Amino acid sequence: MTSTVDTAGEPVPTSSLLMAAAKHIGTKCRGENLAFLKCKKDDPNPEKCLDKGRQVTQCVLHLLRDLHQNCSKELDAYAGCMYYHTNEFELCRKEQKEFEKACTL
Amino acid sequence: MTEAMIRKKAGMASVKDMPVLQDGPPPGGFAPIRFARRIPNKGPSAMAIFLATFGVFSWGMYQVGKGNKIRRALKEEKYAARRAIIPMLQAEEDERFVNEWKKYLEEEARIMKDVPGWKVGENVYHSGRWMPPATGELRPDIW
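The rules behind each value
Residues numbered from 1 in each chain as written. Chains lettered and ligands numbered in written order. Predicted model: local features only at pLDDT ≥ 70, side-chain atom pairs only at ≥ 80, totals over all residues. Heavy atoms only, no water. Helix = DSSP H or I, 4+ residues; strand = E, 2+ residues; numbered from the N terminus. Buried < 20%, exposed > 50% of the residue type's maximum accessible area, 1.4 Å probe, protein only. Salt bridge = Lys/Arg side-chain N within 4 Å of Asp/Glu carboxyl O. Bend = angle between axes of the 7 residues up to and from the residue. Contact = heavy atoms within 4.5 Å. Phe/Tyr/Trp six-rings, centres within 6.5 Å; stacked < 30°, edge-to-face > 60°. Disulfide = S-S within 2.5 Å.

Q: Before we go on, may I ask you to explain unusual backbone geometry in this structure?
A: Residue and element names in this part refer to chain A. One non-glycine residue, T86, adopts positive backbone phi at about 55°. Structurally, the position occupied by T86 is in the loop between helix 5 (72-84) and helix 6 (93-102). On the basis of relative accessible area, T86 is assigned to the exposed category, the value being 63%. Its identity as a non-glycine residue notwithstanding, N87 has a phi of 60°, on the positive side. By secondary structure assignment, the location of N87 is in the loop between helix 5 and helix 6.

Q: Is there a simple way to think about the pattern of salt bridges in this case?
A: Any two side chains of opposite charge can pair, so long as their charged atoms come close to each other. Counted by the stated rule, this structure contains 10 salt bridges over all chains. For the salt bridge of B:E93 with B:R96, the shortest nitrogen-to-oxygen distance reads 2.9 Å. Residue B:E93 and its partner B:R96 are both found in helix 2 (residues 46-111); the two are separated by three residues, about one turn of the helix. Each of A:K23, A:E90, A:R93 and B:E77 takes part in a single network of salt bridges with overlapping partners.

Q: When you look at helix 2 of chain B in this model, what are you seeing that I'm missing?
A: Because each turn of an α-helix spans 3.6 residues, side chains separated by three or four positions end up pointing in the same direction. Remark: the principal bend of helix 2 of chain B, roughly 35°, maps to B:I85, with a proline, B:P87, within the next four residues. What helix 2 of chain B keeps buried is the set B:E77, B:A81, B:A84, B:I85, B:P87, B:M88, B:A91, B:D94, B:F97, B:V98, B:W101 and B:E108. Taken together, the buried residues of helix 2 of chain B touch helix 1 (15-20), helix 2 (22-28), helix 3 (30-42), helix 4 (50-70) and helix 6 of chain A.

Q: Looking at this structure, I do not really get the packing of aromatic side chains. What am I missing?
A: All names here are of chain B. Applying the stated rule across the entire model yields five aromatic pairs over all chains. Between F97 and W101, the aromatic rings sit 5.7 Å apart at their centres with planes inclined by 15°, giving stacked as the arrangement. Highlighted residues: F97 and W101, both in helix 2, separated by four residues, approximately one helical turn. As far as the burial class goes, F97 and W101 line up, both buried. Seen in terms of ring centroids, F97 and W130 are 5.8 Å apart; in terms of plane orientation they differ by 80°. Their pairing is edge-to-face. Linking F97 in helix 2 with W130 in the segment after helix 2, this pair joins segments that are 33 residues apart in sequence.

Q: What exactly am I supposed to notice about the state of the cysteines here?
A: Note: disulfide means a covalent bond formed between the sulfur atoms of two cysteine side chains. All names here are of chain A. Within this structure, the stated rule accounts for four disulfides over all chains. Through a disulfide, C39 is tied to C49; the S-S separation comes to 2.0 Å. Disulfide C39-C49: the torsion about the S-S bond is -100°, which places it as left-handed. Here C39, found in helix 3, pairs with C49, found in the loop between helix 3 and helix 4; they are 10 residues apart in sequence, far enough to count as distant. No difference in accessibility class separates C39 from C49, as the two residues are buried. At a sulfur-sulfur separation of 2.1 Å, the disulfide partner of C81 is C92. One disulfide, between C81 and C92, carries an S-S torsion of -100° and so falls in the left-handed class.

Take a look at the structure:
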């Protein structure tokens, strides 16, 4: 898998792409994540937290689209390395450093 | 010929007077042989050996501690990445589950519409909290 986008050009949120962008997701979508988790803690019913879940999904997908626009080559390389090594951070240090140099946190 | 003919002495009366033929030491005797123990008493003392062992062991444990710190940092990185991702995954699963649950409730209403007194929808536990469905009907591909 060498490309992270589907036929329409949208980034597909696979596990390797999500793990590659995890640091960015953790900082940029932190508010939405925390709100969703708090809603879940209060009531685990999935129907009650659908709106916050949609906010989380939208935040993450927009972030992935921005990353794909700004530094698509490094992101593709990093996500491809993650896919090859099954989400082992230690085996992809080179691609990680280049990705963080291209799209700073 | 016989031994007496070879080794005879002048004026010998019987064979018993023959000069002896023995294998003996060389003239002047052999060189002296040392057979006393001489184990040297030099080398490291007991305290030196103990300190060296203790030093090597503590250096090894220090290396183990350093390696553990590095491994823990790696694990923390992996856990932090998982913590960042899991709301997204849970939100996607919630969407999918809500759609499946609606279809399931409609199916249940269709099946039980002639049963008197059946409150379609949810007749789950009485504790008041939401519990995930316990049967395997919703994900037959998994079960």
